[in-house]
Amino acid sequence: MNIFSILNKEDYLQIKGQIAFALVGIFLATGIYVGAESLATNSLNDLRTAQREFDDSRSRVELIEEEEATVIEYIERYQILEADGLMEDEDRLLMYELIAQIRAENNLFPVGLNIAQQATQNLSYPAGLREPGDPVSLNSSIIKLTLPLLHEEDLTRLINGLLDSPGLFQTKQCNITGQRQNARKFIVLSQHFSASCEILWYSFDLDPSPPPAFGY
């Protein structure tokens, strides 16, 4: 039997307070439940956000520690390169003066000097490096030297004088040809040989220009 079928209007009026109280209780319970679910969801989202921020902070700290270790490991090498002038732009006028000084110190015949156009190559960082640093380019120019020789040692004096100077140089090739094919004894102070050498002149650029758009 349905209980609502035996209740009349007067019965409903008598229990209307209880019904209203029950309805209010239901609404309150529903609101509390919904609020609790929302609070739990927001708390979970906040926890996940805090965890991501913590992981990001820890990664940044680890990266800073790695960079600090790298700086400590290579700082002396960098200081040596900087002291040798490898971090500066080429000073071609100074190169002409240097060759003239080496020639004068070793009493050499006049030296011809030609410096080719500088080439640039961007250096790549090791694969797997999490945060590569700023771009670095390696610049190189070919120095071509020509000079007459009294004997072969004149050439070694010139090359050694250049290699012992501040900078990074690499001998690419050298050629010596005889000028007096019939001479048996070099008793005359003359140009018995001629020599030509190509020397690679290196430097580093820590602030290279960006590559041109579309590769040209």
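Here, the structure is the one placed above.
Attention here is on the structure that accompanies the text. Because the structure is predicted, anything quoted here is derived from the model rather than measured.

### Focus on the packing of aromatic side chains
- Scanning the entire structure with this criterion turns up 1 aromatic pair.
- On the basis of an interplanar angle of 25° and a centroid distance of 6.2 Å, the ring pair of F169 and W201 is categorised as stacked. Of the two residues, F169 sits in strand β4 (residues 168-178) while W201 sits in strand β5 (residues 193-205), which places them 32 residues apart along the sequence.
- Given the relative accessible area of 12%, F169 is considered buried.
- Residue classification places W201 among the buried positions, given a relative accessible area of 9%.

### What about the environment of E152?
- Relative to the helices and strands, E152 resides in helix α4 (residues 152-163).
- Its relative accessible area of 43% is what places E152 among the partly exposed residues.
- Distance from E152 to A195, taken between C-alpha atoms, is 8.8 Å for residues 43 residues apart in sequence.
- For E152, the residues in contact, after removing those within four places along its chain, are I176 and F193.

### Some words on the packing of helix α3 (residues 92-105) against α4
- Orientation of α3 relative to α4, taken along the N-to-C sense of each, is 135°, at an axis distance of 10 Å. As the angle between them shows, α3 and α4 are arranged oblique. As α3 packs across α4, the resulting crossing turns out to be right-handed. The residues of α4 that touch α3, namely those facing M95, L98, I99 and I102, are R157, L158, G161 and L162.
- Considered class by class, the residues forming the contact of α3 with α4 number 6 nonpolar, 1 polar and 1 charged.

### Remarks on the layout of surface pockets
- The calculated volume of the second largest pocket comes to roughly 310 Å³.
- D84, L94, P166, G167 and W201 are the residues nearest the centre of the second largest pocket, which is lined by 18 residues in total.
- Going through the elements one at a time, α3, β4 and β5 are the ones with two or more residues in the lining of the second largest pocket.
- Looking at side-chain class alone, the lining of the second largest pocket contains 9 nonpolar, 4 polar and 5 charged residues.

### A look at the nonpolar core
- Of all hydrophobic cores here, the largest spans 22 residues; its most connected members are M95, I99, I143, L145, L158, L162 and I199.
- Those elements giving two or more residues to this core turn out to be α3, β1 (112-115), β3 (137-149), α4 and β5.
- The element best represented in this core is β5, accounting for 5 residues.
- When sequence neighbours within four positions are dropped, the list of residues in contact with I199 reads S141, I142, I143, L145, I159, L162, F169, Q170, T171 and K172.

Rules of the game
- Residues numbered from 1 in each chain as written.
- Predicted model: local features only at pLDDT ≥ 70, side-chain atom pairs only at ≥ 80, totals over all residues.
- Heavy atoms only, no water.
- Phe/Tyr/Trp six-rings, centres within 6.5 Å; stacked < 30°, edge-to-face > 60°.
- Helix = DSSP H or I, 4+ residues; strand = E, 2+ residues; numbered from the N terminus.
- Buried < 20%, exposed > 50% of the residue type's maximum accessible area, 1.4 Å probe, protein only.
- Contact = heavy atoms within 4.5 Å.
- Axes fitted to C-alpha atoms, helices over the stretch in contact; angles between N-to-C directions.
- Parallel < 35°, antiparallel > 145°, perpendicular 65-115°, else oblique.
- Left-handed = near helix turned anticlockwise from the far one by under 90°.
- Nonpolar A, V, L, I, M, F, W, Y, C, P; charged D, E, K, R; others polar.
- 1 Å grid on protein atoms, 1.4 Å probe; cavity = no way out; pocket = protein on both sides within 12 Å on 5 of 7 lines; lining within 4 Å.
- Points joined across faces, edges and corners; volume = space filled by probe spheres on them.
- Core = buried A, V, L, I, M, F, W, Y, C linked by side-chain atoms within 4.5 Å.

Fair warning: the whole summary comes from geometry, so function is off the table for now.
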